[in-house]
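Architecture and fold: a report
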Amino acid sequence: MFSSQSLKIPDIFTYLCARNQHLLLMSRLRFALFGNIYQAKKAAAVQQILDLLQQRGVDLALDEKFLHFVRDDLHIRVPDGVSTIDGDDFVADVALSVGGDGTFLETARRVGAKPMPILGVNIGRMGFLADFTPAELADALDAILCGDFQTEERCVLQLEYDHGSPEGYPYALNEVAVLKRDVSAMLSIQVSINGEYLTTYQADGIIINTPTGSTGYALSVGGPIMQPGSHTMGLVAVAPHSLTVRPVTLTDDAVISLRVKSRNHQFLVSLDGRSEKCYEDVCLTIRRAPYYIKVLKRPGQTFFHTLRHKLMWGQDVRN
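No experiment lies behind these values; they were computed from the predicted model shown. (Residues numbered from 1 in each chain as written. Predicted model: local features only at pLDDT ≥ 70, side-chain atom pairs only at ≥ 80, totals over all residues. Heavy atoms only, no water.)

Some details on the environment of Thr 285
Our working definition: Secondary structure elements follow DSSP: runs of H or I of four or more residues count as helices, runs of E of two or more count as strands, with numbering from the N terminus. The classification of residues rests on relative accessible area computed with a 1.4 Å probe and restricted to protein chains. Under 20% of the type maximum is buried, over 50% is exposed, and intermediate values are partly exposed. Here, residues are in contact when the closest pair of their heavy atoms is within 4.5 Å.
One can find Thr 285 in strand β17 (residues 283-297). With a relative accessible area of 14%, Thr 285 lands in the buried category. It is 32 Å that separates the C-alpha atoms of Thr 285 and Asp 63, two residues lying 222 residues apart in sequence. Excluding residues within four positions of it along the chain, Thr 285 makes contact with Gln 158, Leu 159, Glu 160, Val 255, Ile 256 and Ser 257.

What follows is the structure in C-alpha coordinates.
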(Lines give C-alpha, C1' and ligand atoms only; values in the text may rest on other atoms or scores of the structure.)
Protein backbone atom coordinates (compact mmCIF):
# COMPACT_ATOMS: atom_id res chain seq x y z
CA MET A 1 0.00 0.00 0.00
CA PHE A 2 1.03 3.58 -0.44
CA SER A 3 -0.12 6.92 0.88
CA SER A 4 -0.40 10.32 -0.76
CA GLN A 5 2.47 11.42 1.49
CA SER A 6 4.82 8.67 0.38
CA LEU A 7 4.35 9.12 -3.40
CA LYS A 8 3.96 12.21 -5.51
CA ILE A 9 1.16 12.38 -8.09
CA PRO A 10 3.39 11.43 -11.08
CA ASP A 11 4.76 8.52 -9.01
CA ILE A 12 1.25 7.34 -8.16
CA PHE A 13 0.31 7.43 -11.83
CA THR A 14 3.39 5.40 -12.78
CA TYR A 15 2.69 2.93 -9.99
CA LEU A 16 -0.92 2.39 -11.06
CA CYS A 17 0.04 1.93 -14.73
CA ALA A 18 2.68 -0.65 -13.82
CA ARG A 19 0.28 -2.42 -11.45
CA ASN A 20 -2.48 -2.60 -14.09
CA GLN A 21 -0.07 -3.97 -16.69
CA HIS A 22 1.16 -6.55 -14.18
CA LEU A 23 -2.40 -7.68 -13.47
CA LEU A 24 -3.11 -7.96 -17.19
CA LEU A 25 0.00 -10.05 -17.71
CA MET A 26 -0.80 -12.29 -14.73
CA SER A 27 -4.40 -12.94 -15.80
CA ARG A 28 -5.25 -15.31 -18.64
CA LEU A 29 -7.21 -13.46 -21.24
CA ARG A 30 -9.78 -15.41 -23.20
CA PHE A 31 -9.87 -15.03 -26.99
CA ALA A 32 -12.81 -16.12 -29.14
CA LEU A 33 -11.52 -16.99 -32.61
CA PHE A 34 -13.67 -16.78 -35.75
CA GLY A 35 -12.33 -17.41 -39.23
CA ASN A 36 -13.03 -17.71 -42.92
CA ILE A 37 -13.73 -21.34 -43.85
CA TYR A 38 -13.21 -20.82 -47.61
CA GLN A 39 -9.52 -19.90 -47.70
CA ALA A 40 -7.65 -23.21 -47.82
CA LYS A 41 -4.60 -21.47 -49.34
CA LYS A 42 -4.13 -19.49 -46.13
CA ALA A 43 -3.16 -22.48 -43.99
CA ALA A 44 0.28 -21.05 -43.15
CA ALA A 45 -1.26 -17.83 -41.84
CA VAL A 46 -3.77 -19.73 -39.69
CA GLN A 47 -0.99 -21.92 -38.27
CA GLN A 48 1.05 -18.82 -37.43
CA ILE A 49 -1.91 -17.23 -35.62
CA LEU A 50 -2.63 -20.35 -33.55
CA ASP A 51 1.06 -20.64 -32.63
CA LEU A 52 1.20 -17.01 -31.49
CA LEU A 53 -1.88 -17.41 -29.31
CA GLN A 54 -0.49 -20.59 -27.76
CA GLN A 55 2.88 -18.93 -27.08
CA ARG A 56 1.13 -16.06 -25.23
CA GLY A 57 -0.68 -18.52 -23.00
CA VAL A 58 -4.17 -17.17 -23.60
CA ASP A 59 -7.34 -19.18 -23.17
CA LEU A 60 -8.72 -19.90 -26.60
CA ALA A 61 -12.18 -20.79 -27.91
CA LEU A 62 -12.74 -21.51 -31.62
CA ASP A 63 -15.93 -21.20 -33.58
CA GLU A 64 -17.07 -24.77 -34.18
CA LYS A 65 -17.23 -24.52 -37.99
CA PHE A 66 -13.81 -22.87 -38.12
CA LEU A 67 -12.38 -25.54 -35.80
CA HIS A 68 -13.54 -28.33 -38.14
CA PHE A 69 -12.14 -26.42 -41.13
CA VAL A 70 -8.75 -25.93 -39.47
CA ARG A 71 -8.49 -29.51 -38.26
CA ASP A 72 -10.10 -31.45 -41.13
CA ASP A 73 -9.44 -29.32 -44.23
CA LEU A 74 -6.20 -27.51 -43.38
CA HIS A 75 -4.86 -30.46 -41.33
CA ILE A 76 -3.57 -28.15 -38.63
CA ARG A 77 -3.16 -29.49 -35.12
CA VAL A 78 -5.32 -27.51 -32.73
CA PRO A 79 -3.65 -26.78 -29.36
CA ASP A 80 -4.83 -28.80 -26.35
CA GLY A 81 -7.39 -27.18 -24.09
CA VAL A 82 -9.16 -25.24 -26.85
CA SER A 83 -12.91 -25.02 -26.34
CA THR A 84 -15.54 -24.57 -29.03
CA ILE A 85 -18.16 -21.91 -29.68
CA ASP A 86 -21.53 -23.04 -31.01
CA GLY A 87 -23.99 -20.20 -31.46
CA ASP A 88 -23.81 -16.71 -30.03
CA ASP A 89 -23.80 -17.52 -26.31
CA PHE A 90 -20.12 -17.22 -25.40
CA VAL A 91 -17.88 -15.18 -23.13
CA ALA A 92 -14.45 -13.76 -23.99
CA ASP A 93 -12.22 -10.75 -23.42
CA VAL A 94 -11.37 -10.29 -27.11
CA ALA A 95 -12.93 -11.58 -30.32
CA LEU A 96 -10.38 -12.39 -33.03
CA SER A 97 -11.58 -12.31 -36.65
CA VAL A 98 -9.31 -14.06 -39.17
CA GLY A 99 -10.25 -13.42 -42.80
CA GLY A 100 -11.45 -10.34 -44.62
CA ASP A 101 -14.12 -7.76 -43.95
CA GLY A 102 -16.86 -10.32 -44.60
CA THR A 103 -15.50 -12.46 -41.79
CA PHE A 104 -15.29 -9.38 -39.57
CA LEU A 105 -18.96 -8.58 -40.24
CA GLU A 106 -19.95 -12.13 -39.30
CA THR A 107 -17.82 -11.88 -36.15
CA ALA A 108 -19.56 -8.60 -35.28
CA ARG A 109 -22.91 -10.35 -35.70
CA ARG A 110 -21.82 -13.12 -33.32
CA VAL A 111 -20.45 -10.64 -30.78
CA GLY A 112 -23.57 -8.45 -30.93
CA ALA A 113 -24.04 -6.29 -27.84
CA LYS A 114 -21.34 -8.08 -25.83
CA PRO A 115 -18.76 -5.57 -24.55
CA MET A 116 -15.71 -7.39 -25.98
CA PRO A 117 -13.65 -5.60 -28.68
CA ILE A 118 -12.87 -7.23 -32.03
CA LEU A 119 -9.36 -7.58 -33.48
CA GLY A 120 -9.44 -8.12 -37.25
CA VAL A 121 -6.58 -10.02 -38.90
CA ASN A 122 -6.69 -9.65 -42.68
CA ILE A 123 -5.92 -12.70 -44.78
CA GLY A 124 -8.40 -11.57 -47.43
CA ARG A 125 -8.20 -8.69 -49.88
CA MET A 126 -8.95 -5.03 -49.00
CA GLY A 127 -9.46 -5.23 -45.24
CA PHE A 128 -10.87 -1.90 -44.03
CA LEU A 129 -12.13 -3.53 -40.83
CA ALA A 130 -9.67 -6.41 -40.63
CA ASP A 131 -6.60 -4.21 -41.01
CA PHE A 132 -3.93 -6.13 -39.06
CA THR A 133 -1.73 -8.49 -41.07
CA PRO A 134 -0.62 -11.86 -39.64
CA ALA A 135 2.90 -10.41 -39.39
CA GLU A 136 1.58 -7.63 -37.11
CA LEU A 137 -0.39 -9.94 -34.82
CA ALA A 138 2.48 -10.70 -32.41
CA ASP A 139 2.92 -7.01 -31.58
CA ALA A 140 -0.85 -6.56 -31.35
CA LEU A 141 -1.19 -9.44 -28.86
CA ASP A 142 1.65 -8.09 -26.74
CA ALA A 143 0.02 -4.66 -26.73
CA ILE A 144 -3.30 -6.16 -25.63
CA LEU A 145 -1.64 -8.13 -22.83
CA CYS A 146 0.05 -4.94 -21.65
CA GLY A 147 -3.10 -2.85 -21.92
CA ASP A 148 -1.52 -0.67 -24.64
CA PHE A 149 -4.32 -0.54 -27.19
CA GLN A 150 -7.24 1.63 -28.19
CA THR A 151 -10.75 0.90 -29.38
CA GLU A 152 -13.10 2.66 -31.76
CA GLU A 153 -16.84 2.48 -31.25
CA ARG A 154 -18.75 1.81 -34.46
CA CYS A 155 -22.48 2.45 -34.63
CA VAL A 156 -24.87 -0.30 -35.74
CA LEU A 157 -28.19 -0.11 -37.60
CA GLN A 158 -31.38 -1.80 -36.45
CA LEU A 159 -34.14 -2.94 -38.81
CA GLU A 160 -37.79 -3.23 -37.75
CA TYR A 161 -41.01 -4.15 -39.58
CA ASP A 162 -44.38 -2.63 -38.75
CA HIS A 163 -45.75 -6.18 -38.59
CA GLY A 164 -43.72 -9.31 -38.27
CA SER A 165 -39.97 -9.12 -37.78
CA PRO A 166 -36.78 -9.66 -39.80
CA GLU A 167 -35.45 -13.19 -39.92
CA GLY A 168 -32.51 -13.85 -37.64
CA TYR A 169 -30.29 -10.99 -36.53
CA PRO A 170 -31.95 -7.59 -37.23
CA TYR A 171 -28.74 -5.51 -36.95
CA ALA A 172 -26.09 -4.40 -39.44
CA LEU A 173 -22.65 -2.89 -38.93
CA ASN A 174 -22.25 -1.83 -42.59
CA GLU A 175 -25.62 -1.29 -44.20
CA VAL A 176 -29.26 -2.17 -44.65
CA ALA A 177 -30.05 -2.46 -48.36
CA VAL A 178 -33.40 -2.78 -50.14
CA LEU A 179 -32.92 -4.36 -53.57
CA LYS A 180 -35.08 -5.59 -56.42
CA ARG A 181 -35.59 -9.31 -57.10
CA ASP A 182 -36.73 -9.00 -60.70
CA VAL A 183 -33.85 -7.85 -62.90
CA SER A 184 -36.21 -6.25 -65.42
CA ALA A 185 -38.16 -3.96 -63.08
CA MET A 186 -37.27 -1.07 -60.79
CA LEU A 187 -38.54 -0.50 -57.27
CA SER A 188 -40.62 2.44 -56.12
CA ILE A 189 -39.29 3.35 -52.66
CA GLN A 190 -41.11 5.94 -50.57
CA VAL A 191 -38.74 7.41 -47.96
CA SER A 192 -39.66 9.35 -44.83
CA ILE A 193 -37.19 10.83 -42.32
CA ASN A 194 -38.39 11.28 -38.73
CA GLY A 195 -41.95 11.02 -39.98
CA GLU A 196 -41.53 13.62 -42.75
CA TYR A 197 -41.87 12.50 -46.36
CA LEU A 198 -38.61 12.98 -48.30
CA THR A 199 -39.18 11.53 -51.79
CA THR A 200 -40.07 8.40 -53.72
CA TYR A 201 -37.08 6.83 -55.44
CA GLN A 202 -37.46 4.96 -58.72
CA ALA A 203 -34.35 2.79 -58.54
CA ASP A 204 -32.90 -0.69 -58.36
CA GLY A 205 -32.64 -0.26 -54.62
CA ILE A 206 -31.53 1.93 -51.75
CA ILE A 207 -28.76 1.64 -49.16
CA ILE A 208 -28.80 2.99 -45.62
CA ASN A 209 -25.22 2.79 -44.39
CA THR A 210 -23.18 3.60 -41.30
CA PRO A 211 -19.80 5.38 -41.52
CA THR A 212 -18.25 1.89 -41.30
CA GLY A 213 -20.26 0.82 -44.34
CA SER A 214 -19.44 3.97 -46.30
CA THR A 215 -16.33 2.25 -47.72
CA GLY A 216 -18.34 -0.84 -48.75
CA TYR A 217 -21.36 -1.32 -50.99
CA ALA A 218 -22.42 2.32 -50.62
CA LEU A 219 -19.06 3.54 -51.97
CA SER A 220 -19.41 1.36 -55.07
CA VAL A 221 -22.68 3.08 -56.05
CA GLY A 222 -21.43 6.63 -55.47
CA GLY A 223 -21.96 7.19 -51.75
CA PRO A 224 -19.66 9.48 -49.73
CA ILE A 225 -16.89 8.25 -47.44
CA MET A 226 -17.76 9.03 -43.81
CA GLN A 227 -15.35 9.24 -40.90
CA PRO A 228 -16.06 6.77 -38.06
CA GLY A 229 -17.38 8.63 -35.06
CA SER A 230 -19.02 11.30 -37.21
CA HIS A 231 -22.50 10.27 -35.96
CA THR A 232 -23.90 10.09 -39.48
CA MET A 233 -25.82 7.73 -41.74
CA GLY A 234 -25.92 7.59 -45.53
CA LEU A 235 -28.92 7.27 -47.83
CA VAL A 236 -27.75 6.14 -51.27
CA ALA A 237 -29.93 5.08 -54.21
CA VAL A 238 -28.81 2.16 -56.40
CA ALA A 239 -29.09 3.02 -60.13
CA PRO A 240 -31.76 5.72 -59.70
CA HIS A 241 -33.99 6.58 -62.67
CA SER A 242 -33.24 10.30 -62.35
CA LEU A 243 -30.10 12.36 -62.85
CA THR A 244 -31.03 14.71 -59.99
CA VAL A 245 -30.93 11.99 -57.32
CA ARG A 246 -27.87 12.29 -55.09
CA PRO A 247 -26.74 10.62 -51.84
CA VAL A 248 -28.03 12.17 -48.62
CA THR A 249 -26.11 12.29 -45.32
CA LEU A 250 -28.19 12.19 -42.13
CA THR A 251 -27.42 12.43 -38.44
CA ASP A 252 -27.42 9.00 -36.84
CA ASP A 253 -30.36 9.82 -34.57
CA ALA A 254 -32.61 9.94 -37.65
CA VAL A 255 -35.37 7.35 -38.06
CA ILE A 256 -35.84 6.23 -41.67
CA SER A 257 -39.09 4.67 -42.87
CA LEU A 258 -39.42 2.89 -46.22
CA ARG A 259 -42.47 1.70 -48.14
CA VAL A 260 -41.60 -0.32 -51.22
CA LYS A 261 -43.64 -1.24 -54.29
CA SER A 262 -42.54 -3.73 -56.89
CA ARG A 263 -44.01 -5.22 -60.05
CA ASN A 264 -43.90 -8.71 -58.54
CA HIS A 265 -44.87 -7.38 -55.06
CA GLN A 266 -41.62 -8.67 -53.53
CA PHE A 267 -38.14 -7.33 -52.90
CA LEU A 268 -34.96 -8.23 -51.03
CA VAL A 269 -33.78 -6.83 -47.72
CA SER A 270 -30.08 -7.27 -47.04
CA LEU A 271 -28.30 -6.69 -43.72
CA ASP A 272 -24.54 -6.82 -44.24
CA GLY A 273 -25.11 -9.26 -47.08
CA ARG A 274 -27.62 -11.49 -45.25
CA SER A 275 -30.66 -11.35 -47.51
CA GLU A 276 -34.31 -12.22 -47.04
CA LYS A 277 -37.45 -11.84 -49.11
CA CYS A 278 -39.96 -9.19 -48.10
CA TYR A 279 -43.42 -8.20 -49.35
CA GLU A 280 -44.52 -4.70 -50.31
CA ASP A 281 -47.22 -4.39 -47.64
CA VAL A 282 -44.51 -4.14 -44.96
CA CYS A 283 -43.14 -0.78 -43.75
CA LEU A 284 -39.43 -0.90 -42.89
CA THR A 285 -37.92 1.27 -40.16
CA ILE A 286 -34.15 1.73 -39.82
CA ARG A 287 -32.61 3.46 -36.82
CA ARG A 288 -29.39 3.40 -34.82
CA ALA A 289 -29.11 0.30 -32.65
CA PRO A 290 -28.82 0.61 -28.85
CA TYR A 291 -25.22 -0.67 -28.80
CA TYR A 292 -21.87 -0.17 -30.52
CA ILE A 293 -19.29 -2.57 -31.92
CA LYS A 294 -15.81 -2.00 -30.47
CA VAL A 295 -12.91 -2.34 -32.91
CA LEU A 296 -9.33 -2.71 -31.68
CA LYS A 297 -6.93 -0.31 -33.38
CA ARG A 298 -3.21 0.36 -33.29
CA PRO A 299 -2.18 3.33 -31.13
CA GLY A 300 -1.85 6.26 -33.49
CA GLN A 301 -3.66 4.51 -36.35
CA THR A 302 -6.06 6.91 -38.08
CA PHE A 303 -8.91 6.43 -40.51
CA PHE A 304 -7.20 8.71 -43.01
CA HIS A 305 -4.03 6.61 -42.94
CA THR A 306 -6.18 3.57 -43.70
CA LEU A 307 -7.80 5.38 -46.63
CA ARG A 308 -4.45 6.37 -48.10
CA HIS A 309 -3.07 2.86 -47.71
CA LYS A 310 -6.08 0.78 -48.78
CA LEU A 311 -7.22 3.01 -51.65
CA MET A 312 -3.63 3.81 -52.71
CA TRP A 313 -4.31 7.53 -52.74
CA GLY A 314 -1.33 9.52 -53.94
CA GLN A 315 0.36 6.50 -55.51
CA ASP A 316 1.23 6.21 -59.17
CA VAL A 317 -0.42 2.89 -60.04
CA ARG A 318 1.23 2.91 -63.48
CA ASN A 319 4.37 1.67 -61.78
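Some details on the pairing of strand β12 (residues 232-238)
Going by this rule: Two strands make a pair as long as DSSP finds a minimum of two bridges between them.
The element β12 is extensively covered by neighbouring structure, given that seven of its seven residues are classed as buried. In β12, alternate side chains face the same way, and those of Thr 232, Gly 234, Val 236 and Val 238 on one face and Met 233, Leu 235 and Ala 237 on the other are all buried. When strand β11 (residues 205-209) meets β12, the two strands line up antiparallel, connected through five bridges. When the sheet's bridge partners are listed, Ile 206 is paired in β12 with Ala 237.

Things to note about the packing of aromatic side chains
Defined as follows: Any Phe, Tyr or Trp ring, taking Trp's six-membered ring, that has another such ring centre within 6.5 Å forms a pair; planes under 30 degrees apart are called stacked, those over 60 apart edge-to-face, and the others tilted. Placement of a charge over a ring requires the Lys NZ or Arg CZ to be within 6 Å of the ring centre, with the centre-to-atom vector within 35 degrees of the ring normal.
Applying the stated criterion to the full structure yields five aromatic pairs. A ring pair is formed by Phe 303 and Phe 304, whose centres lie 5.9 Å apart and whose planes are at 65°; its orientation type is edge-to-face. When its relative accessible area of 43% is taken as the criterion, Phe 304 is described as partly exposed. Between the NZ or CZ atom of Lys 114 and the centre of the ring of Phe 90, over which it lies, the distance is 4.6 Å.

Here's the deal with the nonpolar core
Filter applied, for reference: Put simply, a nonpolar core is a bunch of buried Ala, Val, Leu, Ile, Met, Phe, Trp, Tyr and Cys residues held in one set by side-chain atoms that sit within 4.5 Å of each other.
Within the largest apolar cluster, 33 residues are counted, with the highest numbers of intra-cluster contacts made by Phe 31, Leu 33, Leu 53, Leu 96 and Leu 119. Of all the secondary-structure elements, those providing two or more residues to this core are β1 (30-35), α2 (43-55), β2 (59-63), α3 (64-73), β4 (94-99), β5 (118-122) and α5 (137-145). Non-local contacts of Leu 119, meaning those with residues more than four positions away in its chain, are made with Val 94, Ala 95, Leu 96, Ser 97, Phe 132, Leu 137, Ala 140, Ile 144 and Leu 296. With 29 residues, the next largest nonpolar core counts Leu 157, Val 178, Leu 250 and Val 269 among its residues.

Quick notes on the side chain of Lys 297
Counted only if it meets this: We define a polar contact as two N or O atoms separated by no more than 3.5 Å, with the added condition that, inside protein, one atom must be a possible hydrogen donor and the other a possible acceptor, whereas residues neighbouring each other in sequence contribute only through side-chain atom pairs.
As for its position among the elements, Lys 297 is in strand β17. Residue classification places Lys 297 among the buried residues on the basis of a relative accessible area of 6%. Of the polar contacts made by the side chain of Lys 297, one reaches the side chain of Asp 131; its length is 2.9 Å. The residues touching Lys 297, leaving out its near neighbours within four places in the chain, are Asp 131, Phe 132, Gln 150, Glu 152 and Arg 154.

Focus on the state of the cysteines
Stated precisely, the cut-off is as follows: Defined by distance alone, a disulfide is two cysteine sulfur atoms within 2.5 Å.
Tallied over the entire structure, the rule returns zero disulfides. Left without a disulfide partner, Cys 283 is nearest to the cysteine sulfur of Cys 278, which lies 10 Å away.

Description of the sheet that holds strand β16 (residues 274-279)
The test is simple: A fitted line through C-alpha atoms represents every axis, and for helices the fit uses only the stretch in contact; the resulting angles, taken between N-to-C directions, go from 0 to 180 degrees.
Taken in spatial order, the six strands make up an open sheet running β13-β12-β11-β8-β15-β16, and their pairing is antiparallel. If you trace the sheet from one side to the other, it starts and ends with β13 (248-251) and β16, each paired once. Sheet twist, expressed as the average angle between the axes of neighbouring strands with direction ignored, equals 20°. Relative to β11, strand β8 (residues 175-179) runs antiparallel, the two being bridged by five bridges. If you follow Val 176 over to β11, its bridge partner there is Ile 208.

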